[in-house]
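Inside the fold
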Amino acid sequence: MLTPDIRELTTKQESREAFPVMRQLRDHLTESEYLDYLAEMREEGYHLFGLYDDGLVTVAGVALRTNFYNGRHLFVYDLVTRESRRSEGHGAAMMEFLDEWAEERGCESITLESGLWREDAHRFYEDLDMEKFCYTFKKEF
């Protein structure tokens, strides 16, 4: 694979272009909800990146965070490759980019959460030398 074209998506048009890809991961969102959340998330430090290979193929949403158990780290909230383009190395290329981006910003690690039912994703992350570290607990209101 050639050096991928990965860039931060900052404009409203780029955000709209990313929605069909993001919706493959976050299928409960309408475009309007996505744009509203995205605006608020950006104010909280969220960055949205896109990988282009004959169009937008992969999107990743991340934020720099600091806490007692991870120190300074990059948290990956969203990572998805267009379904028709999976298993071509785009997700791995995005994660490699994010590793470098995080290191350049003084991060000690990169972390993410993945649903228990997403076994294919778990294998993907393990192939990237990531380890299962903990469970997340959630209470909805």
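Residues numbered from 1 in each chain as written. Predicted model: local features only at pLDDT ≥ 70, side-chain atom pairs only at ≥ 80, totals over all residues. Heavy atoms only, no water.

The next subject is the overall build of the protein chain. Within the protein chain, the regular secondary structure consists of four helices and five strands. Secondary structure elements of the protein chain occur, N-terminal to C-terminal, as β-α-α-β-β-β-α-β-α. Put simply, the protein chain has 141 residues, and 39% of those count as buried. Residue pairs in contact within the protein chain that sit at least 24 positions apart in sequence constitute 56% of those at least 6 positions apart. (Helix = DSSP H or I, 4+ residues; strand = E, 2+ residues; numbered from the N terminus. Buried < 20%, exposed > 50% of the residue type's maximum accessible area, 1.4 Å probe, protein only. Contact = heavy atoms within 4.5 Å.)

A word on helix α1 (residues 12-22). Among all positions in α1, only Glu 14, Ser 15, Ala 18, Phe 19, Val 21 and Met 22 are buried. Burial along α1 is one-sided: seen end-on, the buried residues are contained in an arc of 165 degrees. Counted as exposed and oriented over 90 degrees from the buried face of α1: Lys 12 and Gln 13. The inward-facing, buried residues of α1 abut β1 (5-8), α2 (31-43), β2 (46-52), β3 (56-67) and β4 (71-81). (Arc of directions from axis to C-beta.)

A few words now on the confidence of the model for the protein chain. Chain-level pLDDT for the protein chain is 88 on average; 82% of the residues reach the 70-or-more range. Within the protein chain, no element has a lower average pLDDT than helix α4 (residues 119-127), which sits at 61, and none a higher one than β2, at 98. (pLDDT = per-residue confidence, 0-100.)

Quick look at a negative patch on the surface now. There is a patch of like negative charges on the surface, built from Glu 33, Asp 36, Glu 40, Glu 43 and Glu 44. Within the secondary structure, Glu 43 is located in helix α2. (Patch = residues over 30% accessible without salt bridge, like charges linked within 9 Å, V, L, I, M, F, W, Y side chains within 5 Å. Areas by Shrake-Rupley, 256 points an atom, 1.4 Å probe, with all protein chains shown as cover. Salt bridge = Lys/Arg side-chain N within 4 Å of Asp/Glu carboxyl O. Lys, Arg positive; Asp, Glu negative; His and termini not counted. Charge placed at Lys NZ, Arg CZ, Asp CG, Glu CD.)

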